[in-house]
Amino acid sequence: ITSVKLSSGIYKPDSLVKMIAVIEIKDGDKQISWDGLLYKNVVNPNQWNNINYQHNFLQPLTNMDAKVNIYLWNKDKQIFYIDGFKIVFITSPN
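Residues numbered from 1 in each chain as written. Predicted model: local features only at pLDDT ≥ 70, side-chain atom pairs only at ≥ 80, totals over all residues. Heavy atoms only, no water.

1. Regarding a nonpolar patch on the surface
Here is step 1 of the chain: Taken together, the side chains of Ile82, Phe85, Ile87 and Phe89 define a hydrophobic patch exposed on the protein surface, amounting to about 320 Å² of accessible area.
Here is step 2 of the chain: Along the chain, Ile82 falls in strand S6 (residues 81–90).
Here is step 3 of the chain: Assessed through its relative accessible area of 41%, Ile82 is described here as partly exposed. (Patch = residues over 30% accessible without salt bridge, like charges linked within 9 Å, V, L, I, M, F, W, Y side chains within 5 Å. Areas by Shrake-Rupley, 256 points an atom, 1.4 Å probe, with all protein chains shown as cover. Salt bridge = Lys/Arg side-chain N within 4 Å of Asp/Glu carboxyl O. Helix = DSSP H or I, 4+ residues; strand = E, 2+ residues; numbered from the N terminus. Buried < 20%, exposed > 50% of the residue type's maximum accessible area, 1.4 Å probe, protein only.)

What follows is the structure, given as structure tokens:
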């Protein structure tokens with residue numbers, strides 16, 4: 001696995017200040033990687049918006065027993081709704 005794409009619909013009653021997509025990889029209890037991806041595009045209030053993230057791993061993920069945790073971190077404790085959260089892992093033949 002060389003990268004991951006995340007997409008979702010998001011609805012926010014007012015302006016969204018910070019939203020971070022977190023990608024954490026663990027092998028048992030050992031954390032291999034933790035990346036926080038800040039969403040920098042405008043999220044229009046009071047309507048559904050499409051959001052997209054893409055993250056390329058520094059090293060390909062070859063341990064298929066590793067656990068991958070992916071979530072949106074609501075650091076500022078704002079109210080928002082998500083729908084259709086999609087995760088796609090990408091491999092490239094190198």
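Next, the rest of the story.
2. Regarding the sheet that holds strand S1 (residues 3–11)
Here is step 1 of the chain: Ordered in space as S4-S1-S6, the 3 strands form an open sheet in which the pairing is antiparallel. The sheet is open, and its two edges are formed by strand S4 (48–56) and S6, each paired on a single side. Strand-to-strand twist across the sheet, computed as the mean angle between neighbouring axes with direction ignored, equals 15°.
Here is step 2 of the chain: With 9 bridges joining them, S1 and S4 adopt antiparallel strand pairing. Bridging from a neighbouring strand, Ser8 pairs with Ile51 of S4. (Pairing = 2+ DSSP bridges. Axes fitted to C-alpha atoms, helices over the stretch in contact; angles between N-to-C directions.)

3. Notes on the sheet that holds strand S2 (residues 20–27)
Here is step 1 of the chain: If you walk across this open sheet you meet the 3 strands as S3-S2-S5, and the pairing is antiparallel. Bordering the open sheet on either side are strand S3 (30–38) and strand S5 (67–73), each of which pairs with just one other strand. Between one strand axis and the next, the sheet turns through 15° on average, direction left out of account.
Here is step 2 of the chain: As defined by bridge partners, S2 adjoins S3 across 8 bridges and the pair is classed as antiparallel.

4. Concerning the side chain of Glu24
Here is step 1 of the chain: By secondary structure assignment, the location of Glu24 is in strand S2.
Here is step 2 of the chain: For the buried Glu24, no salt bridge is present, and the opposite-charge side chain at shortest range is Lys26, 4.5 Å distant.
Here is step 3 of the chain: At 2.9 Å, the side chain of Glu24 forms a polar contact with the side chain of Gln31. (Lys, Arg positive; Asp, Glu negative; His and termini not counted. Polar contact = N/O pair within 3.5 Å; in protein donor to acceptor, adjacent residues only side chain to side chain.)

5. A word on the pairing of S1
Here is step 1 of the chain: Sheet analysis places S1 next to S6, joined by 8 bridges and oriented antiparallel. Bridging from a neighbouring strand, Gly9 pairs with Asp83 of S6.

6. What about the packing of aromatic side chains?
Here is step 1 of the chain: Within this structure, the stated rule accounts for 4 aromatic pairs.
Here is step 2 of the chain: Ring geometry for Tyr11 and Trp48: centres 5.7 Å apart, planes at 50°, overall tilted. A residue pair is termed long-range when its members are at least 10 positions apart, and Tyr11 in strand S1 and Trp48 in strand S4 qualify at 37 residues.
Here is step 3 of the chain: Look at Tyr11 and you get partly exposed, because its relative accessible area is 23%.
Here is step 4 of the chain: Judged by centre distance (5.5 Å) and plane angle (65°), the ring pair of Tyr39 and Tyr53 falls under edge-to-face. Here Tyr39 is found in the loop between S3 and S4, whereas its partner Tyr53 is found in strand S4, with 14 residues between them in sequence. (Phe/Tyr/Trp six-rings, centres within 6.5 Å; stacked < 30°, edge-to-face > 60°.)

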